[in-house]
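The primary structure of each chain is shown beneath.
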Amino acid sequence: GTVANSRLATEVLTQYALRLYASRRYLDAHPPITSLDDLRTRGLVFYVDALLTVRELELGSLLEGMHVGFGCTNVFAQLAAVKAGAGVGLLHAFMAEQDPELERVLPQVDVRLPFSLSVRRAAPLTAATSLVCDALRSEVARRADELLPV
């Protein structure tokens with residue numbers, strides 16, 4: 001996403017997908033999910049809104065009317081919570097899509113957000129910084145199918 005900070009130079013590398021996933025155990029223990037309305041009373045596994053620094057990740061702007069039922073501050077905790085059956089999570093597809101413990105819920109929900117690289121404007125672009133930026137650009141290009149799976 002983007003960070004509102006004029007001290008940073010930001011470059012969008014690509015987009016990535018956020019999708020809804022749940023564990024088989026969770027799906028077996030709860031009523032079927034056939035629409036977003038089925039999720040509105042349950043709450044999602046997602047970020048803690050008050051701790052977000054990337055405004056594009058605010059749940060209300062991504063899925064209107066939804067709320068966080070189990071909040072985590074990082075994507076690994078979210079993934080673990082969903083796998084443990086804590087609820088349906090709006091997860092990064094590149095982490096969840098190939099996980100055999102998870103099933104995609106409501107395939108029509110496919111949120112796209114920018115994956116960006118930021119560096120301080122005031123800092124001189126050192127050889128090490130350039131090397132890291134180039135490596136990140138290369139890795140993102142190599143993993144394009146994971147970031148935006150079909």
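Everything below is about the structure shown above.
Let me begin by describing the structure that accompanies this report. All values reported here derive from a predicted model rather than from experimental measurement.

## A closer look at the packing of aromatic side chains
Then step 1. Within the structure shown, the criterion is met by 2 aromatic pairs.
Then step 2. Measuring from centroid to centroid gives 6.5 Å for Tyr-16 and Phe-94, while their planes differ by 75 degrees, and the two rings are edge-to-face. One end of the pair, Tyr-16, is in strand S1 (residues 8-23); the other, Phe-94, is in helix H4 (residues 93-96), and 78 residues separate them in sequence.
Then step 3. Accessibility expressed as a relative area gives 5% for Tyr-16, which makes it buried.
Then step 4. Each ring, one from Tyr-16 and one from Phe-115, has its centre 6.2 Å from the other, and the planes form 85 degrees; the classification is edge-to-face. Here Tyr-16 is found in strand S1, whereas its partner Phe-115 is found in strand S6 (residues 111-120), with 99 residues between them in sequence.
Then step 5. Residue Phe-115 is classed as partly exposed on the basis of its relative accessible area of 33%.
Then step 6. Cluster of aromatic residues (ring-pair linked, three or more members): Tyr-16, Phe-94 and Phe-115.

Reading the values: the criteria
- Residues numbered from 1 in each chain as written.
- Predicted model: local features only at pLDDT ≥ 70, side-chain atom pairs only at ≥ 80, totals over all residues.
- Heavy atoms only, no water.
- Phe/Tyr/Trp six-rings, centres within 6.5 Å; stacked < 30°, edge-to-face > 60°.
- Helix = DSSP H or I, 4+ residues; strand = E, 2+ residues; numbered from the N terminus.
- Buried < 20%, exposed > 50% of the residue type's maximum accessible area, 1.4 Å probe, protein only.

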